[in-house]
Amino acid sequence: MALKLFGNIYAGRRVLVTGHTGFKGSWLALWLRELGAQVAGLALAPDTSPSHWSLLNLEDVTDHRVDLRDRQAVHQILDVYRPEIVFHLAAQPLVRRSYRDPITTFASNVMGLVNLFEAVRVCPSVRVLVNATTDKVYADHVGPEGYRETDPLGGHDPYSSSKACAELVSDCYRKSFFSAPDSTVRIATARAGNVIGGGDWAEDRLVPDLVRAAISRQTLKVRNPDAIRPWQHVLEPLSGYLRLGQCLWSDASFAGAWNFGPGAASEISVRSLTSQLGLHWSALHIETDDAPHPHEAATLRLDAGKAVAQLAWQPIWSIETALARTAAWYRDFHESGRVDSTSDLTAYIADARRLGLEWVA
């Protein structure tokens, strides 16, 4: 039986998720399937083994292996599937990889998005498109305040810059092609903080690197241990994306940019996160890597006040709960092969109900 959440807006609807084979995309596909949506995915094959997507075994999600840089193939998928709602998560998402391969990063994250928008322009079924970017789209600023949606865009590294470009492309298409009185397409961008949770095995990400080191009984060398990030469980921004899609479906005024980040208590340093995660898995050990590394921002903080006030969205799990759930997911998978994603989703929704949030009503 489908979960009746988000005003039941997704039940029976054709929803396309780009990047469904990735970490966040696979979690979103799982949630949409539980909501009763007719889900299709458009992505490259998973680039890790194991992969969360493969472990979920979502046989009722239509799996299209398409490169967004292939404009003709993207058009063909939308022409055949005729989605009503699109969640765009496909990207080259890694900062350090973007330094090694900036051309692919910009081609995927900018021109891939342009190809998707061009396909949406001639696909009359699409009504809502949520483009997931990142908290790293903002230009560096000095001070303790969190980034707001009205702050200037920027990006020091190729990944961050490409995502800032994706924000500009989204705004361009919204104003140039989807603002006419007869247009039915509503576009929003979603900027989320650093996500954690079970099923992420990407390179150069803190939690997957810690897990790999723990399993191999090694000590992980951590760069920038004092860097502060807005850590949140993967289900937090996904609830924001789904809530945003729900609101866009009924009201075009929700088009625009939105931050989805945790509260200030979850904005902690890399050192603090690894220490707290170690409380749940004693095999985790770190030391500082003093070698030179490419530039990364020392502090990232997000102000999600707009989403709290206008979408009635809020983060649900504390950093302690997010870390406990994340550690338990990897520990259970390593020790018994169990995949706890559905139970994590069930627990998250139960906690949202206890808080009386509007999207679970």
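Throughout what follows, the structure given in this document is the object of discussion. Since this is a predicted model, take the numbers as computed values, not measurements.

### Overview of the overall build of the chain
Helices and strands together make up the secondary structure of the chain, namely 12 helices and 13 strands. Across the 361 residues of the chain, 55% fall into the buried class. In the chain, the proportion of contacts linking residues at least 24 apart, taken out of those at least 6 apart, comes to 80%. Summing over all exposed atoms, the chain offers an accessible surface of approximately 14900 Å²; the carbon and sulfur share of this is 50%. Considering the chain, the positive charge centre built from 36 side chains and the negative charge centre built from 40 side chains are found 3 Å apart.

### A few points about the sheet that holds strand β1 (residues 14-18)
Through backbone hydrogen bonds, the strands of a sheet pair up, either in parallel or in antiparallel fashion. If you trace the seven strands from one edge of the open sheet to the other, you get β3-β2-β1-β4-β5-β6-β11, paired in parallel fashion. The open sheet is flanked by β3 (62-65) and β11 (256-260), the only strands paired with a single partner. For this sheet the average axis-to-axis angle between neighbouring strands, irrespective of direction, equals 20°. Where strand β5 (residues 128-132) lies against strand β6 (residues 186-192), five bridges are found, and the strand directions are parallel. Bridge pairing links Asn-131 to Thr-189 in β6. Against the sheet, helix α5 (residues 102-121) makes contact with β1, β4 (85-88), β5 and β6, and its axis sits at roughly 175° relative to β5, the strand it touches most. Seen against the sheet, helix α6 (residues 158-176) touches β5, β6 and β11 and runs at an angle of roughly 160° to β6.

### Notes on empty space enclosed by the protein
Per the stated rule, a full pass over the model turns up two cavities of 30 Å³ or more. In this model, the second largest cavity occupies a volume close to 40 Å³. As for the second largest cavity, its lining consists of Trp-231, Gln-232, Glu-236, Pro-262, Ser-266, Pro-315, Trp-317, Ser-318, Ile-319 and Ala-322.

### Description of the pairing of strand β2 (residues 38-43)
By the criterion of burial, β2 is predominantly enclosed, with five of the six residues buried. Relative to β2, β1 is paired through five bridges, and the arrangement is parallel. Pairing of Val-17 across the sheet is with Gly-41, part of β2. Pairing of β2 with β3 involves four bridges; the strand directions are parallel. The residue bridging Leu-42 from the neighbouring strand is His-64, located in β3.

### Quick look at the packing of aromatic side chains
Tallying each qualifying case throughout the model produces 20 aromatic pairs. On the numbers, 4.8 Å between centres and 5° between planes, the contact of Phe-6 with Trp-359 is stacked. With a gap of 353 residues between them, Phe-6 in the segment before β1 and Trp-359 in the segment after α12 (341-355) connect regions that are remote in the sequence. Looking at Phe-6, the relative accessible area reads 0%, which means it is buried. On the basis of relative accessible area, Trp-359 is assigned to the buried category, the value being 0%. Between Tyr-138 and Tyr-147, the aromatic rings sit 4.8 Å apart at their centres with planes inclined by 0°, giving stacked as the arrangement. A relative accessible area of 3% means that Tyr-138 is categorised as buried. Each residue in the set Phe-6, Tyr-10, Trp-31, Phe-87, Trp-317, Tyr-348 and Trp-359 is aromatic and connected to the rest through ring pairs, giving one cluster. The ring of Phe-177 has Arg-121 lying over it, and the distance from NZ or CZ to the ring centre is 3.9 Å.

Procedures and definitions
- Residues numbered from 1 in each chain as written.
- Predicted model: local features only at pLDDT ≥ 70, side-chain atom pairs only at ≥ 80, totals over all residues.
- Heavy atoms only, no water.
- Helix = DSSP H or I, 4+ residues; strand = E, 2+ residues; numbered from the N terminus.
- Buried < 20%, exposed > 50% of the residue type's maximum accessible area, 1.4 Å probe, protein only.
- Contact = heavy atoms within 4.5 Å.
- Areas by Shrake-Rupley, 256 points an atom, 1.4 Å probe, with all protein chains shown as cover.
- Lys, Arg positive; Asp, Glu negative; His and termini not counted.
- Charge placed at Lys NZ, Arg CZ, Asp CG, Glu CD.
- Pairing = 2+ DSSP bridges.
- Axes fitted to C-alpha atoms, helices over the stretch in contact; angles between N-to-C directions.
- 1 Å grid on protein atoms, 1.4 Å probe; cavity = no way out; pocket = protein on both sides within 12 Å on 5 of 7 lines; lining within 4 Å.
- Points joined across faces, edges and corners; volume = space filled by probe spheres on them.
- Phe/Tyr/Trp six-rings, centres within 6.5 Å; stacked < 30°, edge-to-face > 60°.
- Lys NZ or Arg CZ within 6 Å of the ring centre and 35° of its normal.

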